[in-house]
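Letter by letter, the chains look like this.
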Amino acid sequence: MCAFCMLAGAMAQRNIYSFTVKDQNGKDVNLSEYKGKVILIINSATQCGFTYQYSDLQGMYNKFKDEGFVILDFPCNQFGEQAPGSNQEIHTFCTSNYDVTFPQFDKIDVNGENASPLFTWLKNKKGFEGFDMDDRYGLGPKMHAMLLKQDPNYAEKSDIKWNFTKFLIDKKGNVVKRFEPTADMEEVIQEAYKLLQDK
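Residues numbered from 1 in each chain as written. Predicted model: local features only at pLDDT ≥ 70, side-chain atom pairs only at ≥ 80, totals over all residues. Heavy atoms only, no water.

Focus: the environment of D132
- Looking at the secondary structure, you find D132 in the loop between α4 (117-125) and α5 (139-150).
- Remark: the alpha-carbon pair of D132 and D184, spanning 52 residues in sequence, is separated by 8.1 Å.
- In this structure the side chain of D132 is engaged in a polar contact, spanning 3.4 Å, whose partner is the backbone nitrogen of D135. (Helix = DSSP H or I, 4+ residues; strand = E, 2+ residues; numbered from the N terminus. Polar contact = N/O pair within 3.5 Å; in protein donor to acceptor, adjacent residues only side chain to side chain.)

In structure tokens, the structure reads:
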């Protein structure tokens, strides 16, 4: 399918609950199952410099899951081929190393001709606004320099830049915020908490 056709199809979706995705076992999951919840959608990788974030994400999930919060994890191998395993291998890695219990889905592309319609829609709703250049690990400036070499105009495009990009969805299915992988997890937690307080 052409890139324009995929974009048009994704844009026809009114909200996140219109999308059906595949879980890690290849079964269809309609995102309407999560209606009324605060959702954090991520694209992840098991061999990335940001993989440690699984620990923070699981802690966040443990803290808020009983209040109507869920994390939806979509592995992606497009960035440095850092998610090379099968769905089962990825799931085993996450559970054995980070005790991950939040839902994990089928490995997808987030950019390009074969990009997931869900992520095409998310990118259209919230584009790239820059890296945190003062992150505690100094990764923001490194990410900026690396991507600038690949594409001098990278910052003007809405595509996903790297693993562990996050989209925060409110209880009505609206995309509220996009967090780049360099964003402080405390900020992510605070923003999710605010949405959980909304009636």
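From this point, things continue past the structure.
Side note on the pattern of salt bridges
- Enumeration according to the criterion identifies 6 salt bridges in this entry.
- Salt-bridge contacts for D28 lead to K22; the nearest nitrogen and oxygen are separated by 2.7 Å.
- What makes D28 exposed here is its relative accessible area of 53%.
- Since its relative accessible area comes to 38%, K22 is described here as partly exposed.
- Between E180 and R178 there is a salt bridge, with its nearest N and O atoms 2.7 Å apart.
- Look at E180 and you get buried, because its relative accessible area is 4%. (Salt bridge = Lys/Arg side-chain N within 4 Å of Asp/Glu carboxyl O. Buried < 20%, exposed > 50% of the residue type's maximum accessible area, 1.4 Å probe, protein only.)

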